[in-house]
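Each chain is listed here by its residues.
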Amino acid sequence: RASIRTERFLQNDNLFSMSGNDEYQEENSIENFAYLIDSQDEEKVREIIRRGDEFKGFPPLFIAGMHTNGTWVLEKFGTKDNLSEGCPSKLTDLAEHLSLDVDPDILADYGFTPLMLAVMFGPPKSVETILNKVGKDGIKKETEKNYTASVELHF
């Protein structure tokens, strides 16, 4: 089951390590991106999105949708287009990195959208923000194994 929230990647010392300090390091990692989200560093977040960086195969807006404090990123940089795209990466590496408890069938799937990840792992406010931007069409998107955001609401 997809049951563990992303607070773990913010609060678990083993996952949210800033190389021994509380400052941002110029390194492309989920932990550093989480730090930028928490510190609301709009300029650096914008640059990461502009460059098209990925974290374990997932674009920044996907990660922001899972992050407890990531709603501001979705509001500021999310569009119907970039929040409707499915990602070709499987969840395996991301779930392992964040110590997420995810059903093996879901781990083997791909094509998840930011909405799907927000429904499974993010705060309700992120789900609401994405739905406001993508509309009903966002719920209809399917993964390779035919999961949708509406089906995932039942996990």
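Above this text is the structure in question.
These remarks concern the structure in this document. (Residues numbered from 1 in each chain as written. Predicted model: local features only at pLDDT ≥ 70, side-chain atom pairs only at ≥ 80, totals over all residues. Heavy atoms only, no water.)

### Remarks on the overall build of the protein chain
Then, number 1: Of the regular secondary structure elements, the protein chain holds 11 helices and two strands.
Then, number 2: When the helices and strands of the protein chain are read in sequence order from the N terminus, they spell out α-α-α-α-α-β-α-α-β-α-α-α-α.
Then, number 3: Per-residue burial over the protein chain gives 47% buried out of 155 residues.
Then, number 4: Of the roughly 7,800 Å² of accessible surface on the protein chain, a fraction of 44% belongs to carbon and sulfur atoms. (Helix = DSSP H or I, 4+ residues; strand = E, 2+ residues; numbered from the N terminus. Buried < 20%, exposed > 50% of the residue type's maximum accessible area, 1.4 Å probe, protein only. Areas by Shrake-Rupley, 256 points an atom, 1.4 Å probe, with all protein chains shown as cover.)

### Things to note about the environment of Asp137
Then, number 1: Within the fold, Asp137 resides in helix α10 (residues 136-140).
Then, number 2: Sequence separation between Asp137 and Ser84 is 53 residues; the distance between their C-alpha atoms is 8.2 Å.

### Remarks on the nonpolar core
Then, number 1: Among the nonpolar cores identified, the biggest contains 39 residues, and Phe58, Val73, Leu91, Leu94 and Leu117 are the most heavily contacted of them.
Then, number 2: Broken down by element, this core gets its largest block of residues, seven residues, from helix α8 (residues 114-121).
Then, number 3: In this structure Leu117 touches Phe58, Phe62, Met66, Leu91, Phe112 and Gly122, once residues within four positions along its chain are discounted. (Core = buried A, V, L, I, M, F, W, Y, C linked by side-chain atoms within 4.5 Å. Contact = heavy atoms within 4.5 Å.)

### Quick notes on helix α9 (residues 124-134)
Then, number 1: Those residues of α9 that sit buried are Ser126, Val127, Thr129, Ile130 and Val134. Viewed end-on, α9 has its buried residues packed into an arc of 165°, placing them on one side of the element. Residues of α9 that are exposed and point over 90 degrees away from its buried face: Pro124 and Asn132.
Then, number 2: Summarising the contacts, the buried residues of α9 are in contact with α4 (60-66), α5 (71-77), α8 and α10.
Then, number 3: After α9 finishes, the residue Gly135 shows a positive phi value of roughly 70°. (Arc of directions from axis to C-beta.)

### With respect to the pattern of salt bridges
Oppositely charged side chains may form a pair once their charged atoms are brought near each other.
Then, number 1: Applying the stated criterion to the full structure yields six salt bridges.
Then, number 2: Across the pair Arg46 and Glu42 runs a salt bridge, and its minimum N-O distance is 3.0 Å. With Arg46 and Glu42 both in helix α3 (residues 42-51) and four residues apart, the pair spans about one turn of that helix.
Then, number 3: Here Arg46 falls in the partly exposed class, since its relative accessible area comes to 40%.
Then, number 4: In this structure, Arg51 and Asp53 form a salt bridge, with 2.5 Å as the shortest nitrogen-oxygen distance.
Then, number 5: The structure contains a network of salt bridges with shared partners spanning Glu47, Arg50, Arg51 and Asp53. (Salt bridge = Lys/Arg side-chain N within 4 Å of Asp/Glu carboxyl O.)

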